[in-house]
Protein chains: 2
Amino acid sequence: MKMSAGVEWAVHSCAILSAATEPVPVTKLAELHGVSKTYLAKHMQALSHSGLVQAIEGRDGGYLLTRSGSEISVYDIVQAIDGPEPAFRCTEIRQRGPFPASAEACKVPCGIAQVMAKAERAWGDSLRSVTLADLNAAFDASSPGSWETVRGWLAGTPTP
Amino acid sequence: MKMSAGVEWAVHSCAILSAATEPVPVTKLAELHGVSKTYLAKHMQALSHSGLVQAIEGRDGGYLLTRSGSEISVYDIVQAIDGPEPAFRCTEIRQRGPFPASAEACKVPCGIAQVMAKAERAWGDSLRSVTLADLNAAFDASSPGSWETVRGWLAGTPTP
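Residues numbered from 1 in each chain as written. Chains lettered and ligands numbered in written order. Predicted model: local features only at pLDDT ≥ 70, side-chain atom pairs only at ≥ 80, totals over all residues. Heavy atoms only, no water.

**What about the packing of aromatic side chains?**
All names here are of chain A.
(1) Moving on: In the structure shown here, the tally under the stated rule is eight aromatic pairs over all chains.
(2) Moving on: Their ring planes at 70 degrees and their centres at 6.1 Å tell us that Tyr75 and Trp123 sit as a pair that is edge-to-face. A residue pair is termed long-range when its members are at least 10 positions apart, and Tyr75 in helix 4 (residues 74-82) and Trp123 in helix 5 (residues 111-128) qualify at 48 residues. Of the two residues, Tyr75 and Trp123, both sit in the buried class. (Phe/Tyr/Trp six-rings, centres within 6.5 Å; stacked < 30°, edge-to-face > 60°. Helix = DSSP H or I, 4+ residues; strand = E, 2+ residues; numbered from the N terminus. Buried < 20%, exposed > 50% of the residue type's maximum accessible area, 1.4 Å probe, protein only.)

So, in structure tokens, the structure goes:
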């Protein structure tokens, strides 16, 4: 099972936006994370399309979260980048071969698909239980003062 | 997040092996599932490499599970096909940019990686709680008599 690499950049970027007090240009986010602006911009656009962030135009523009960090879960960000499709996709193997399942039997999902879906719900529930505010509070507890440093840097002269 | 399509074929095939009383040739498994022998053989080899099935050579040969269906979980099969790597791979973004995390702080996984790992454990625990025997019992309850039909077919004249 594989998750898009963009998820990691997106969660880190949203954690920064959650702690920022002003719109953050993608140039700043890219510099802060040591990644190319072009690469990060693609993921910020996906976050924008999903309604988690909005782009503010103009000289002091940049990205803002559309709601508080306590109202955005890690699951929201994973879904925005990786899409809403389940990891396991049932192709109805039971309907193939010499003994296809009856139409009646296929009114409910295949037992294997049910087991996979239950596991994915457990995964999703776990990610839904953690918000950006939770992530930032944990980071703040482990690295006191770090947010002040980052906020000060974000408020500094825009990088070219 | 995406799971390899081979997982679905592998779980269906292992469920058949769990219900079978004799080695099942890959030709039979392929015919039963309406898929090419070449395609299925690749996944059976992966299951063999992981030690879940063994190939019996000879005229009455085929695949057998290496242990009882009550001792093989859906998680075992997913791992055999999809590999043991976690879905989320932390690339230590915290060590990049103008404020890299200290070596001291990096002795424990990044908070984001911890959240992802916890969710994957919940997913894995869910899949570990279901065995092939459970899948087959559920199928037997929903489709009484189906296993007898399949076993009879498996015991019939080998397909060319």
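**Observations regarding the interface of chain A and chain B**
(1) Moving on: The partner chain B presents 47 residues to the 47 residues of chain A that form the contact.
(2) Moving on: Interface area for chain A against chain B, summed over the two sides, is near 4200 Å², with a carbon-plus-sulfur share of 71%.
(3) Moving on: When the area that chain A buries against chain B is broken down by residue, the three leading residues are Met1(A), Glu8(A) and Ile93(A), summing to 20%.
(4) Moving on: Linking chain A to chain B there are zero salt bridges. (Contact = heavy atoms within 4.5 Å. Buried area = accessible area lost by both parts, 1.4 Å probe. Salt bridge = Lys/Arg side-chain N within 4 Å of Asp/Glu carboxyl O.)

**Quick notes on helix 3 (residues 37-49) of chain B**
Residues and elements named next belong to chain B.
(1) Moving on: The end-to-end C-alpha distance of helix 3, which contains 13 residues, comes to 18 Å, matching closely the 18 Å that a straight helix rising 1.5 Å per residue would cover.
(2) Moving on: Buried residues along helix 3 sit against helix 1 (6-19), helix 2 (26-33), strand 1 (53-56), strand 2 (62-65) and helix 4 (74-82).
(3) Moving on: Phi turns positive, to about 85 degrees, at Gly51, one or two residues after helix 3. (Expected span 1.5 Å × (residues − 1).)

**Some remarks on the confidence of the model for chain A**
Reading fine detail from the predicted coordinates is not recommended where pLDDT is low.
Residue and element names in this part refer to chain A.
(1) Moving on: Averaged over all residues, the pLDDT of chain A equals 93, while 98% of them reach at least 70.
(2) Moving on: Element-level pLDDT for chain A is lowest in helix 7 (residues 146-154), with a mean of 91, against a maximum mean of 98 in helix 5.
(3) Moving on: The ipTM assigned to the predicted complex is 0.94, against a pTM of 0.93. (pLDDT = per-residue confidence, 0-100.)

**Details of the packing of helix 3 of chain B against helix 4 of chain B**
Residue and element names in this part refer to chain B.
(1) Moving on: Interhelical geometry of helix 3 versus helix 4 gives an angle of 110 degrees and a closest axis separation of 8 Å. Between helix 3 and helix 4, the angle falls in the class roughly perpendicular. Between helix 3 and helix 4 lies a crossing of right-handed hand. Contact residues: His43, Ala46 and Leu47 in helix 3; Ile77, Ala80 and Ile81 in helix 4. (Axes fitted to C-alpha atoms, helices over the stretch in contact; angles between N-to-C directions. Parallel < 35°, antiparallel > 145°, perpendicular 65-115°, else oblique. Left-handed = near helix turned anticlockwise from the far one by under 90°.)

**Topic: the side chain of Ser73(B)**
(1) Moving on: Examined against the element boundaries, Ser73(B) turns out to sit in the loop between strand 2 and helix 4.
(2) Moving on: Apart from the residues lying within four places of it in its own chain, the contact partners of Ser73(B) are Leu127(B), Arg128(B), Val130(B) and Thr131(B).

**Re the state of the cysteines**
(1) Moving on: For the structure on display, the rule yields zero disulfides over all chains.
(2) Moving on: Looking at the unpaired Cys110(A), the closest cysteine sulfur is the one in Cys90(A), lying at 5.1 Å. (Disulfide = S-S within 2.5 Å.)

**Here's the deal with unusual backbone geometry**
Note: most residues except glycine have negative phi, and most peptide bonds are trans.
(1) Moving on: At Glu92(A), a position not held by glycine, the phi torsion is positive, near 60 degrees.
(2) Moving on: Classification of Glu92(A) as partly exposed rests on a relative accessible area of 24%.

**Notes on the environment of Met3(B)**
(1) Moving on: With respect to the element layout, Met3(B) can be found in the segment before helix 1.
(2) Moving on: For Met3(B), the contacting residues outside a window of four places in its chain are Met1(A), Ala87(A), Phe88(A), Met116(A), Val78(B), Asp82(B) and Trp123(B).

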